[in-house]
Amino acid sequence: MNNDEFIRRDLAVLWHPCTQMKDHEQLPLIPIRRGDGVWLEDFNGQRYLDAISSWWVNLFGHANPRISMPIKEQLDRLEHVLLAGFSHEPVVQLSERLVALTPAALTRCFYADNGSSAVEVALKMSFHYWQNQGANHKTKFVNLSNSYHGETLGALSVGDVELYKKTYQPLLLEPITVASPDCYYRQDGQSTEEYSKQQFAQMEQVLAQRHQEICAVIVEPLVQCAGYMRMYDPVYLALLRDACDRYGVHMIADEIAVGFGRTGTLFACEQAGVAPDFMCLSKGLTGGYLPLSVVLTSEPVYQAFYDDYQKLTAFLHSHSYTGNPLGCTAALATLDIFEQDKVIEANKILSEAMYREVQELQDHPHVAEVRQCGMILAIEMAADKVAKTPYPWQERRGLAVYRHGLEEGVLLRPLGNVVYFMPPYVITQEQIRHMTKVAIEGIHLATK
Ligand code: PMP
């Protein structure tokens, strides 16, 4: 079967995510028949370098036997069992290892099966904690402008990317939104630390005035990924932790996109030396192999639910595939690779290479910023470089880069005007050169 035949079958029965399906009248759908390392191969034999790790999930390449073999073995032992009243080896081992790897205050793992559900769990758990404490007036969440936490209704409510949210507004919770510490608009010569600190003033004020009605503040530590890969300084997280302690408010760290080495440390919170009250993990948790998510929380939170059944304080949230043994096995194999290959150190060399290869863009008349945080590098195209005036979204400049990437065998999927790389950690220096060269060409074409 070739691409065209496959596409006909697909478009007859599927409705794809995050897609205006009419686009596929002009834009080719890419059917993939196999993956190998950083490469995806379509039904015509054309290969694409997966520069965005298939929506940021893949860490160690496609079809990596170090992850697929243990999954195959687990498949023959136990594919799934409910996690209520029952348990299994992979979920206990994984929980032990996550508790050991995350900040010391996090001692309990609660599982779900995708990122949005993990966010729902954290929001409900925080609210419910305060209910169990008799703090019934705590019903609000604080979020950052330009944040993204998923697309189920609760998770969408605490996000702030208009594109995904606006239509559903009448259905949503109403968070208190505070200006993001994202440093894109800082003054010339102002450090990221100074700017993020300055942006914290608004958070401090909101917490001071309204802490009695606030359950938690939810943030994406260091990088607002779906919010156009905007980045901020770790100082903000340290200030937030301190303020949450002073005002009796939980801190939820959504590390779904930034966890597992993306920002240069295993978890982004490490860079600020803080432990959140809830840490949400998914995506890279299984190396990109299977859907799984987890919320880690602290002993005081756990204890607030622990009581006689008749008190009705239990957390009754559940999903059918909670803590799936295959997903947990993939996660264990992923953690093995982190340990055995000293990945965090090795990634430093890769992130330096990415940075080096795009330096010529600093002088590009339509590149307003090249920014990087560990293994995430983003290039913001703008109509006016100095004033940072964006190109109108209707022009779909990013789409031109996407199309060029496909022609040249690189899967780039810009977010609006922002071209970015978030590649699997098995990418080589030579592949980085290819990926960046194609992106640079695409940016030249898209900004002509
Ligand atoms: N939080 C963040 C920070 C994310 O980037 C995402 C996914 N892009 C989610 C939550 C939602 O995860 P999922 O798509 O698995 O529901």
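Residues numbered from 1 in each chain as written. Predicted model: local features only at pLDDT ≥ 70, side-chain atom pairs only at ≥ 80, totals over all residues. Heavy atoms only, no water.

### A closer look at the site of the ligand
Then, in step 1: Around the ligand sit W56, N114, G115, S116, Y148, H149, G150, E220, D254, I256, A257 and K283, and those are all the residues in its vicinity.
Then, in step 2: G115 is positioned such that a nitrogen or oxygen atom in its backbone is 2.8 Å from an oxygen atom of the ligand.
Then, in step 3: Taken by itself the ligand offers 390 Å² of open surface, and the protein chains cover 82% of this.
Then, in step 4: Here the shell around the ligand is built from residues that sort into four nonpolar, five polar and three charged. (Near = heavy atom within 4 Å. Polar contact = N/O pair within 3.5 Å; in protein donor to acceptor, adjacent residues only side chain to side chain. Areas by Shrake-Rupley, 256 points an atom, 1.4 Å probe, with all protein chains shown as cover. Nonpolar A, V, L, I, M, F, W, Y, C, P; charged D, E, K, R; others polar.)

### Remarks on the domain arrangement of the chain
Then, in step 1: For the chain, the assigned domains read domain 1 (3-63 + 343-446) and domain 2 (68-341).
Then, in step 2: With centres defined by C-alpha atoms, the gap from domain 1 to domain 2 works out at 26 Å.
Then, in step 3: Contacts between the two partners involve 33 residues from domain 1, matched on the other side by 30 residues from domain 2.
Then, in step 4: For the pair domain 1 and domain 2, the summed buried area comes to about 2,700 Å², and 63% of that belongs to carbon and sulfur atoms.
Then, in step 5: Summed over the shared surface of domain 1 and domain 2, the number is two salt bridges.
Then, in step 6: With its nearest N and O atoms 3.5 Å apart, the salt bridge here joins R186 to E369.
Then, in step 7: Elements with a contribution of two residues or more to the side of domain 1 that touches domain 2: α2 (53-56), α12 (343-357), β13 (367-373), β14 (376-381) and β16 (418-421).
Then, in step 8: Here the side of domain 1 that touches domain 2 takes five residues from β13, the largest share from any one element.
Then, in step 9: Residue composition of the side of domain 1 that touches domain 2, grouped by class: 21 nonpolar, eight polar and four charged. (Domains from an automatic or database assignment. Contact = heavy atoms within 4.5 Å. Buried area = accessible area lost by both parts, 1.4 Å probe. Salt bridge = Lys/Arg side-chain N within 4 Å of Asp/Glu carboxyl O. Helix = DSSP H or I, 4+ residues; strand = E, 2+ residues; numbered from the N terminus.)

### Concerning the sheet that holds strand β15 (residues 410-411)
Then, in step 1: In spatial order, the strands read β1-β2-β3-β15; together these four strands make up an open sheet with mixed pairing. Of all the strands in the sheet, the pair left with one neighbour each is β1 (32-36) and β15.
Then, in step 2: In this structure, strand β2 (residues 39-42) lies alongside strand β3 (residues 47-50), joined through three bridges in antiparallel fashion. Residue pairing for β3: E41 is matched across the bridge by R47. (Pairing = 2+ DSSP bridges.)

### What to know about the packing of aromatic side chains
Then, in step 1: For the coordinates displayed, the defined rule picks out 15 aromatic pairs.
Then, in step 2: Here F200 and Y236 contribute two aromatic rings whose centre-to-centre distance is 5.2 Å and whose plane-to-plane angle is 75°, an arrangement assigned as edge-to-face. Of this pair, F200 sits in helix α8 (residues 192-210) while Y236 sits in helix α9 (residues 235-247); the two residues are 36 residues apart in sequence, bridging distant segments of the chain.
Then, in step 3: Plain terms: the ring middles of F260 and F267 are 5.3 Å apart, the flat faces sit at 70° to each other, and that makes the pair edge-to-face.
Then, in step 4: F260 sits in the buried class, given a relative accessible area of 1%.
Then, in step 5: Using a relative accessible area of 0% as the deciding quantity, one classes F267 as buried.
Then, in step 6: Counting every residue linked through ring pairs, the aromatic cluster contains F60, F260, F267, F338 and Y425. (Phe/Tyr/Trp six-rings, centres within 6.5 Å; stacked < 30°, edge-to-face > 60°. Buried < 20%, exposed > 50% of the residue type's maximum accessible area, 1.4 Å probe, protein only.)

### As for the pattern of salt bridges
Then, in step 1: Scanning the model with the defined rule gives 22 salt bridges in all.
Then, in step 2: Where D182 meets R230, a salt bridge forms, and the shortest distance between an N and an O atom there is 2.9 Å. Taken together, the residues D182 in the loop between β6 (176-178) and α8 and R230 in strand β9 (residues 230-231) connect sequence positions 48 residues apart. The residues D182 and R230 share a single accessibility class, namely buried.
Then, in step 3: Here the salt bridges do not stand alone but share partners, grouping D182, R186, R230, E369, R371 and E380 into one network.

### Observations concerning the pairing of strand β12 (residues 293-298)
Then, in step 1: Of all six residues making up β12, six are buried, and the element is well covered by its neighbours.
Then, in step 2: Alignment of strand β11 (residues 278-281) against β12, held across four bridges, turns out to be antiparallel. Within the sheet, the bridge partner assigned to F278 lies in β12 and is T297.

### As for the packing of helix α3 (residues 65-77) against helix α11 (residues 325-341)
Helix packing geometry: the angle between the two helix axes and the distance between the axes.
Then, in step 1: One way to put it is that α3 packs onto α11 with a least axis distance of 9 Å and a crossing angle of 145°. With respect to the hand of their crossing, α3 and α11 are arranged in right-handed fashion. Contacts between α3 and α11 involve R66, I67, P70, I71, Q74 and L75 from the first element and P325, L326, T329, A330, A333, T334, I337, Q340 and D341 from the second.
Then, in step 2: A per-class count over the contact of α3 with α11 returns nine nonpolar, four polar and two charged. (Axes fitted to C-alpha atoms, helices over the stretch in contact; angles between N-to-C directions. Left-handed = near helix turned anticlockwise from the far one by under 90°.)

### Thoughts on a nonpolar patch on the surface
Then, in step 1: A surface patch of nonpolar side chains, about 310 Å² in accessible area, is lined by L153, Y168 and L171.
Then, in step 2: Considering the arrangement of structural elements, one finds L153 in helix α6 (residues 153-157). (Patch = residues over 30% accessible without salt bridge, like charges linked within 9 Å, V, L, I, M, F, W, Y side chains within 5 Å.)

### A look at the sheet that holds β14
Then, in step 1: Spatial ordering of the open sheet is given by β13-β14-β16, a layout of three strands whose pairing is antiparallel. Each edge of the open sheet carries a strand with a single partner, namely β13 and β16. Each strand of the sheet is rotated relative to its neighbour by a mean of 15°, with strand direction disregarded.
Then, in step 2: Alignment of β14 against β16, held across four bridges, turns out to be antiparallel. Looking across to β16, one finds that E380 is bridged to V418.

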